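Spelled out from the first residue to the last, the chains are:
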Amino acid sequence: MDAVEVIRTKRDGGRLSDEQIGWFIGRYAEGGVIADEQAAALAMAIFFNGMEPDELATWTRAMVDSGTTLDLSGVGRPTVDKHSTGGVGDKVSLPLVPLVAACGAAVPQLSGRGLGHTGGTLDKMESIPGWSARLEPDAMVEVLRTVGGVIAGPTEDLAPADRRLYALRDVTSTVDSIPLIASSIMSKKVAEGTDALVLDVKVGSGAFLPEVERARELAETMVGLGEHNGVRTVALLTAMDTVLGRTAGNALEVAESVEVLDGGGPPDLVEVTLALAGEMVALAGIDADPAEVLASGRAREAWDAMVRAQGGDPEAPLPAAPHVEVVEAPESGVLSRLDCRSVGVAAWRLGAGRARKEDPVSPSAGVVCLAKPGDPVEAGQPLLELHADDPDRFVAAREALDGAVEVADEAPPASPLVLDRITA
Ligand code: URA
């Protein structure tokens, strides 16, 4: 087999054979035989020429088989996970994992870190004093058996082909290709060993793929790949035109998630959390009402147990930024737009996110939205709070917010948060 021949096949619009795919992915994951520039050339050829559904299924399977698959058979509960394509203020995993665990399922969530304007679940959790993302597979099975929920970093040998390829895609502008995104996400979820999966595919200005048609195509592709690999999969398309909840930033989002677990929290965050929890519980075959479980306090108990199981102290005060500035409403009326991506970029520039994967993040930096679209505002009223460790960061954050806020005479038409549901 020859890497150049594989690249040429895809460059010329052909279908890669199962043998070509298995060889290329296997050798690339091992390292040594296939150079990064050859993998980058193949990613670019796939970016332009796409993949047939059965070709993509083989590609995804080869990525799963490039590493080990977790064995969750000892967990003793039905397993179900959720994956979000990511958005600004998307902290849903934090209340959702303990909620679904408290409903009786096991949620083995292996998450990532943030890059660019969207945050990462592990970065958020790491703002909890003492909490560690590292959990060995045996310990993970034990926490899933007893508590029912885990949020942890992936092990090195989980879909290693994806780890290498994703790092390359990031620097070769080949991230936003539907087959490459779908296979990347689904290979990790299949390797994680979950029986069922709910996908939260975000649509709107803060989403990875802002247009609804592309988001729907991604959702359909991922649902197909899940089912093909024996993982019962459902996707919800949910709105990401404005920040979900009121906060974007690591510790700020943890605090807001705990509010939800204590029975409060912003209505949009509660609605998306309950919609996803309902799908997860149904896929797991459990007869429970997530709204009742949330109100009972059992989800909060599961959160405390989850945090403690990974060395964290759920009672410890969260880190707070030493510097806070406000952005005021430019005029009186109704807040008609608070652009999601701009708030995400502002939070990132304040220190909440990273530009390169090796960069550190600030646990306390971020943005608090004091008003959301639809709220009446008075000129000069504080609209946003900017939190930073370093006051020099405020100038760039304010620049990101230029043009992000619009005030109108009337409230914008209400639009649903859950836009569509995709099943096999
Ligand atoms: N998240 C992933 O894990 N992979 C992608 O390709 C895009 C987002």
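Residues numbered from 1 in each chain as written. Predicted model: local features only at pLDDT ≥ 70, side-chain atom pairs only at ≥ 80, totals over all residues. Heavy atoms only, no water.

**Here's the deal with the site of the ligand**
Then step 1. Taken together, Y166, R169, I181, S184, I185, K188 and F208 make up the full set of residues near the ligand.
Then step 2. R169 has a polar side-chain atom sitting 2.9 Å from an oxygen atom of the ligand.
Then step 3. Elements represented by at least two residues in the shell around the ligand include exactly α8 (160–171) and α9 (178–191).
Then step 4. Per-class residue counts for the shell around the ligand are 4 nonpolar, 1 polar and 2 charged. (Near = heavy atom within 4 Å. Polar contact = N/O pair within 3.5 Å; in protein donor to acceptor, adjacent residues only side chain to side chain. Helix = DSSP H or I, 4+ residues; strand = E, 2+ residues; numbered from the N terminus. Nonpolar A, V, L, I, M, F, W, Y, C, P; charged D, E, K, R; others polar.)

**Some words on the sheet that holds strand β6 (residues 247–248)**
Then step 1. Here 4 strands make up an open sheet; going across it, the order is β6-β9-β11-β7 and the pairing antiparallel. The sheet terminates laterally at β6 and β7 (323–328), the two strands that pair on one side only.
Then step 2. Here β7 runs beside strand β11 (residues 382–388); their pairing, made up of 6 bridges, is antiparallel. When the bridges of β11 are listed, H323 appears paired with A388.
Then step 3. Strands β6, β9 (366–369) and β11 of the sheet are contacted by helix α15 (residues 340–352), whose axis makes an angle of about 135° with β9. (Pairing = 2+ DSSP bridges. Contact = heavy atoms within 4.5 Å. Axes fitted to C-alpha atoms, helices over the stretch in contact; angles between N-to-C directions.)

**Points about the side chain of D123**
Then step 1. Tracing the backbone through its elements, the reader meets D123 in helix α6 (residues 121–125).
Then step 2. For D123, the side chain forms a polar contact with the side chain of R354, separated by 2.9 Å.
Then step 3. When neighbours within four sequence positions are excluded, D123 is seen to be in contact with R113, G114, N250, R354 and V361.

**With respect to unusual backbone geometry**
In terms of backbone geometry, most residues other than glycine have negative phi values and most peptide bonds are trans.
Then step 1. In this model, A159 sits at a positive phi of 40°, which is unusual for a non-glycine residue.
Then step 2. By the secondary structure assignment, A159 is in the loop between β3 (149–152) and α8.
Then step 3. One non-glycine residue with positive phi stands out, namely S173, at about 55°.
Then step 4. Examined against the element boundaries, S173 turns out to sit in the loop between α8 and α9.
Then step 5. Taking the relative accessible area as the measure of exposure, S173 reaches 55% and is therefore exposed. (Buried < 20%, exposed > 50% of the residue type's maximum accessible area, 1.4 Å probe, protein only.)

**A word on the environment of A196**
Then step 1. Locating A196 in the fold gives a position in strand β4 (residues 196–203).
Then step 2. Take A196: its relative accessible area is 0%, and that puts it in the buried class.
Then step 3. Spatially, the C-alpha atoms of A196 and E301 are 24 Å apart, while their sequence positions differ by 105 residues.
Then step 4. With sequence-adjacent residues up to four places away left out, A196 is seen in contact with T79, V80, D81, V231, R232 and L283.

**Section: the packing of aromatic side chains**
Then step 1. In the structure shown here, the tally under the stated rule is 2 aromatic pairs.
Then step 2. Over the ring of Y28 we find R164, and its NZ or CZ is 4.2 Å from the ring centre.
Then step 3. Note that K188 overlies the ring of Y166, its terminal NZ or CZ placed 5.4 Å from the centroid. (Phe/Tyr/Trp six-rings, centres within 6.5 Å; stacked < 30°, edge-to-face > 60°. Lys NZ or Arg CZ within 6 Å of the ring centre and 35° of its normal.)

**Structural notes on α9**
Then step 1. With 14 residues, α9 should cover 20 Å at 1.5 Å per step; its first-to-last C-alpha distance of 20 Å lies within 8% of that length.
Then step 2. Most of α9 is tucked away, with 13 of its 14 residues classed as buried.
Then step 3. Following α9 by one or two positions, G193 adopts a phi angle in the positive range, close to 90°. (Expected span 1.5 Å × (residues − 1).)

**Quick word on the domain arrangement of the chain**
How big an interface is tends to be stated in terms of accessible area lost as the parts join.
Then step 1. When cut into domains, the chain gives domain 1 (3–65), domain 2 (80–309) and domain 3 (323–408).
Then step 2. The gap between the C-alpha centroids of domain 1 and domain 3 is 42 Å. (Domains from an automatic or database assignment.)

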